[in-house]
Amino acid sequence: MNHFLDIHKTDATALRTILDSAAAMKSARNGRPRGAADDEQPLKGQMVALIFEKPSTRTRVSFDVGVRQMGGETMVLSGSDMQLGHGETIADTARVLSRYVDLIMIRTFDESVLIEMAEYASIPVINGLTDRTHPCQIMADIQTYEEHRGPIKGKKVVWCGDGNNVCASFLHAAGQFGFDMVFTGPAQLDPEDEFVGLARKAGVSVTIERDAEKAVDGADLVVTDTWVSMHDSQSSKERRHNMLRPYQVNDALMAHAKPDALFMHCLPAHREEEVTSSVMDGPNSVIFDEAENRLHAQKAIMRWCLGV
Ligand code: CP
Ligand code: NVA
């Protein structure tokens, strides 16, 4: 049994196995209807609990559909409807759920909730986003990059804007998949030293560059995300927007990247804020492939977790 808690906590060989399995399952579906079952039914007879303490469109739907395609069943639970939201401990919740279901995916605020859930559950736990990281997203992003451009190893990935949870998982992935990262954004929103340090320790280059145009120069992949995450207070919105405006991804900025550079955004996006529609809907954008690959990558993550 394996938990999938973060990209740096899963060894590089397992990460590659997961991506290979995601690609194989994607091609095996061969354009059949989304609701149709896969030929292989590795989750037959298995029940998956999907717990959401924050809103979600992609994570919720892609996990739910993925489990069903593989023959399993799901139960979507909102944190506030559970006793979890009324004082029952995470440890007790984990032990109880382990008696009913085969796998837990949880989206939560504080990372400690995820860690405690994994510590006390006797079944696998998957991180569906915390305030600090979003590993399932980045597995889908690596799958997407490699589908379009081949191996990501040695490429230059530029993160523009807020050094947030999605940026953190990209830094984890840089160390594991061997690509270089440049962060460009205001100093107040730099990624945590821990994430930068881990990537550097793994032997890849991480550069902080305040000038967005210099940062994007020669990039193979340009990535951004919302300027106000679900865990950020709405009262900080105006201040954050003022700081982040110079880091908007627009056509002028993309012109500094390689001509065949890809653009990614985990979505949901705020059009004309962190990125213009011209880039989102332009020829370099692969945002909807990323969203689709959440389905395939997570199916492979669940199989790896369950060993099926
Ligand atoms: N990218 C992502 O995780 O989207 P949702 O918040 O809609 O799940
Ligand atoms: N950084 C965003 C990602 C949403 C998928 C958030 O945490 O709200």
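Values in this document were obtained by computation on a predicted structure and should not be read as measured data.

Parameters at a glance
Residues numbered from 1 in each chain as written. Chains lettered and ligands numbered in written order. Predicted model: local features only at pLDDT ≥ 70, side-chain atom pairs only at ≥ 80, totals over all residues. Heavy atoms only, no water. Near = heavy atom within 4 Å. Polar contact = N/O pair within 3.5 Å; in protein donor to acceptor, adjacent residues only side chain to side chain. Nonpolar A, V, L, I, M, F, W, Y, C, P; charged D, E, K, R; others polar. Areas by Shrake-Rupley, 256 points an atom, 1.4 Å probe, with all protein chains shown as cover. Pairing = 2+ DSSP bridges. Helix = DSSP H or I, 4+ residues; strand = E, 2+ residues; numbered from the N terminus. Axes fitted to C-alpha atoms, helices over the stretch in contact; angles between N-to-C directions. Contact = heavy atoms within 4.5 Å. Salt bridge = Lys/Arg side-chain N within 4 Å of Asp/Glu carboxyl O. Buried < 20%, exposed > 50% of the residue type's maximum accessible area, 1.4 Å probe, protein only. Lys, Arg positive; Asp, Glu negative; His and termini not counted. Expected span 1.5 Å × (residues − 1). Arc of directions from axis to C-beta.

A word on the site of ligand 2
Around ligand 2 sit Leu129, Asn164, Asn165, Val166, Asp225, Thr226, Ser229, Met230 and Leu267, and those are all the residues in its vicinity. Here a nitrogen atom of ligand 2 sits 3.3 Å away from a polar atom, N or O, in the side chain of Asn164. One of the side-chain N or O atoms of Ser229 is found 2.7 Å from a nitrogen atom in ligand 2. The residue makeup of the shell around ligand 2, split by class, is four nonpolar, four polar and one charged.

Describing the site of ligand 1
The local shell around ligand 1 consists of Ser56, Thr57, Arg58, Thr59, Arg107, His134, Gln137, Cys266, Leu267 and Arg294. Interatomic distance of 2.7 Å between a side-chain N/O atom of Thr59 and an oxygen atom of ligand 1. Arg294 is positioned with one of its side-chain polar atoms (N or O) 3.0 Å from an oxygen atom of ligand 1. When ligand 1 sits alone it has 260 Å² of accessible area, and the protein chains cover 95% of it. For the shell around ligand 1, the per-class residue count stands at two nonpolar, five polar and three charged.

Details of the sheet that holds strand 8 (residues 221–224)
An order of 7-6-5-8-9 is seen for the five strands of this open sheet, with the pairing classed as parallel. Two strands in the sheet have a free side with no partner beyond their single neighbour: strand 7 (206–208) and strand 9 (262–265). When the angles between neighbouring strand axes are averaged without regard to direction, this sheet yields 20 degrees. The pairing of strand 5 (residues 156–160) with strand 6 (residues 180–184) spans five bridges and is parallel. Bridge pairing in strand 6 places Trp159 opposite Phe183. With respect to the sheet, helix 5 (residues 135–149) is in contact with strand 8 and strand 9, its orientation differing from that of strand 9 by roughly 160 degrees.

Focus on the pattern of salt bridges
Two side chains bearing opposite charge may form a pair once their charged atoms approach each other closely. The final tally for this structure, using the stated rule, is 18 salt bridges. A salt bridge links Glu146 to Arg16; its shortest N-O distance comes to 2.6 Å. Of this pair, Glu146 sits in helix 5 while Arg16 sits in helix 1 (residues 12–29), and the two are 130 residues apart along the sequence. The salt bridge involving Asp260 is made with Arg149; its shortest N-O contact spans 3.8 Å. Of this pair, Asp260 sits in the loop between helix 10 (251–254) and strand 9 while Arg149 sits in helix 5; the two residues are 111 residues apart in sequence, bridging distant segments of the chain.

Overview of the sheet that holds strand 3 (residues 103–107)
Read from one edge of the open sheet, four strands run 2-1-3-4, paired in parallel fashion. The open sheet has two free edges, formed respectively by strand 2 (73–78) and strand 4 (125–127), since each of these has just one partner strand. Along the sheet, successive strands turn relative to each other by an average axial angle of 20 degrees, direction set aside. Of the pairings in the sheet, the one linking strand 3 to strand 4 comprises three bridges and is parallel in character. Pairing of Met105 across the sheet is with Ile126, part of strand 4.

Observations regarding the side chain of Arg294
For Arg294, the position within the fold is in helix 12 (residues 287–306). For the buried Arg294, no salt bridge is present, and the opposite-charge side chain at shortest range is Asp141, 7.0 Å distant. Within the local environment of Arg294, its side chain forms a polar contact with the side chain of Thr59, the two groups lying 2.8 Å apart. A polar contact is formed between the side chain of Arg294 and the side chain of Gln137, at a distance of 2.9 Å.

Points about helix 1
Its 18 residues give helix 1 an end-to-end C-alpha distance of 26 Å, which sits within 8% of 26 Å, the value for a rise of 1.5 Å per residue. Here helix 1 has its buried residues at Ala14, Leu15, Ile18, Leu19, Ala22, Met25 and Arg29. One side of helix 1 carries all its buried residues, which in axial view fall inside an arc of 140 degrees. Facing away from the buried side of helix 1 by over 90 degrees, the exposed positions are Thr13 and Ser27. For helix 1, the N-terminal cap is Asp11; the gap from its side-chain oxygen to the backbone nitrogen of Thr13 is 3.1 Å. Count one or two residues on from helix 1 and you reach Asn30, which has phi positive near 50 degrees.

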